[in-house]
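# Structural overview for review
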Amino acid sequence: MNPPADCRHCGVCCFSNSPTYVRVTGEDWTRLGDDAPGLAQFIGHRAYLRMSEGHCAALEIRNGPAGPDFFCTVYDRRPQVCRDLERGSPECFGERDTKAAAVAVAAAVAAAVAAAVAARAE
Ligand code: SF4
Ligand code: SF4
């Protein structure tokens with residue numbers, strides 16, 4: 001399954017139930033600045049981004065015009081492990097092969113919630 005031209009149409013690699021999925025190094029913590037204490041947590045002696053509802057806490061699933069929009073709220077300051085995972089790389093293909101179905105279900109639920117919230121605000 002080829003990746004889309006824009007990661008915002010995919011978001012698969014931002015999903016996991018593991019609390020140790022996204023490692024936050026000292027440099028990452030510094031780059032995250034004021035957001036670090038809220039977005040990251042220590043498990044043992046190491047820091048990781050918090051996970052929420054099966055995905056990274058920094059991921060916002062928006063209701064885009066062409067379907068769910070997987071928006072990283074800290075994109076310019078994201079941890080190195082996220083920077084290293086390139087779209088179209090073997091790791092990207094692996095993520096999409098193993099997790100895409102579960103993410104599609106989660107995205108459909110999130111998009112429905114976002115649409116309901118938007119409708120209530122009108
Ligand atoms: S920091 Fe951004 S790119 Fe990295 S897992 Fe979280 S939402 Fe995805
Ligand atoms: S790097 Fe690959 S798996 Fe991650 S969001 Fe982009 S296309 Fe999806």
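The following refers to the structure shown. Since this is a predicted model, take the numbers as computed values, not measurements. (Residues numbered from 1 in each chain as written. Chains lettered and ligands numbered in written order. Predicted model: local features only at pLDDT ≥ 70, side-chain atom pairs only at ≥ 80, totals over all residues.)

### A look at the site of ligand 1
Here is the rule: Each residue gets a C-beta atom placed from its backbone. Should that atom fall within 6 Å of a molecule or strand, the residue is termed near it. Residues are grouped as follows: nonpolar covers Ala, Val, Leu, Ile, Met, Phe, Trp, Tyr, Cys and Pro; charged covers Asp, Glu, Lys and Arg; every other residue, Gly included, is treated as polar.
Taken together, C14, V22, L49, C56, A58, L59, C72, V74, R78, P79 and C82 form the complete shell of residues around ligand 1. Tallied by class, the residues present in the shell around ligand 1 amount to 10 nonpolar, no polar and one charged.

### Overview of the nonpolar core
This is how the line gets drawn: By our criterion, buried Ala, Val, Leu, Ile, Met, Phe, Trp, Tyr and Cys residues that link up through C-beta atoms within 7 Å make up a nonpolar core. Burial in this document is a count-based property: other C-beta atoms within 10 Å of a residue's C-beta are tallied, and the residue is buried at 20 or more, exposed at 12 or fewer, or partly exposed in between, with C-beta positions derived from the backbone. Put simply, DSSP marks the helices as runs of H or I at least four residues long and the strands as runs of E at least two long, and each gets a number from the N terminus on.
Membership of the largest hydrophobic core comes to 21 residues, with the highest contact counts inside it found for A40, L49 and C56. Among the secondary structure elements, those contributing two or more residues to this core are β3 (46-49) and β6 (59-64). Sort the elements by how many residues they give to this core and β3 lands first, with three residues.

### What about the sheet that holds β3?
The condition that has to hold: At least two DSSP bridges between two strands are needed for those strands to be called paired.
Spatially, the three strands line up as an open sheet ordered β1-β3-β2, and their pairing is antiparallel. Each end of this open sheet is capped by a strand with a single partner; those strands are β1 (23-24) and β2 (40-43). Across two bridges, β1 lies against β3 in antiparallel orientation. Looking at the pairing, V24 lines up with A47 of β3.

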